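Below are the chains, spelled out letter by letter.
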Amino acid sequence: MLRTSLLATLLVASGLTSPVVADTFQLTSPHIAEGTRLDAAQVFQGFGCEGDNVAPTLAWTGAPEGTESFAVTVYDPDAPTGSGWWHWFAFNIPAEVSELPSGAAVPAGAVELTNDYGAEGFGGACPPPGEVHRYNFTVHALGTTLELDESVSNALAGFMVNANSLASSTITAVYNR
């Protein structure tokens, strides 16, 4: 009984019992859906893969009060690298933006990092043959704009995004070849 009340007190004090903001912030896309296979449009062109290498349209609603910018990431946690694979990382997307159209450039003021293919912008799915990989498309509402430029690593930018995230929403799609 004492442990249960202590745990409840700690959760209330830390704010971990109010996921209401996260429930109202939602990422949607006409091109990808939770648990479904990516289309050829979102597959990389190269490394043995034959796709269009085009980012899907991503739209979000319900940003929490205090949002000053957004970050969008696409990450493959299943890549056989020991640290996953960054397919896309953009941040400092202005707070008035609520959609990134398919294949469009990020808006003025936003920063795009070099993906793990070595190119700026979106790099599509291309897992090793015979493997099914997950692709986490995530948008974060940030309480600030990040004081970073395009020279930072995806890992450092990820740390700063997570440290300043007010809410996030993810669509996880899959791909295999």
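As shown above, the structure is provided for reference.
Cut-offs and rules
- Residues numbered from 1 in each chain as written.
- Predicted model: local features only at pLDDT ≥ 70, side-chain atom pairs only at ≥ 80, totals over all residues.
- Heavy atoms only, no water.
- Helix = DSSP H or I, 4+ residues; strand = E, 2+ residues; numbered from the N terminus.
- Buried < 20%, exposed > 50% of the residue type's maximum accessible area, 1.4 Å probe, protein only.
- Contact = heavy atoms within 4.5 Å.
- Pairing = 2+ DSSP bridges.
- Disulfide = S-S within 2.5 Å.

Draft legend 1. Expanded view of the environment of G143. Topologically, G143 is positioned in the loop between strand 7 (132–142) and helix 3 (154–164). Using a relative accessible area of 28% as the deciding quantity, one classes G143 as partly exposed. Setting aside anything within four residues of it in sequence, one finds G143 in contact with G66, E68, N164 and L166.

Draft legend 2. The arrangement of the sheet that holds strand 8 (residues 165–176) in detail. With antiparallel pairing, the 5 strands of this open sheet are ordered in space as 6-4-3-7-8. Of all the strands in the sheet, just strand 6 (111–112) and strand 8 have a single pairing partner and so form its edges. When strand 3 (residues 69–76) meets strand 4 (residues 85–94), the two strands line up antiparallel, connected through 7 bridges. By the bridge assignment, T73 is partnered in strand 4 with F89.

Draft legend 3. Expanded view of the state of the cysteines. This structure, assessed with the given rule, holds 1 disulfide. Paired through a disulfide, C49 and C126 show a sulfur-sulfur distance of 2.1 Å. One disulfide, between C49 and C126, carries an S-S torsion of 95° and so falls in the right-handed class. With C49 in the loop between strand 1 (26–28) and strand 2 (58–61) and C126 in the loop between strand 6 and strand 7, the pair connects residues that are 77 residues apart, well separated along the chain. Residue C49 is classed as buried on the basis of its relative accessible area, which comes to 4%. Judged by its relative accessible area of 14%, C126 falls in the buried class.

Keep in mind these numbers describe shape, not what the thing actually does.
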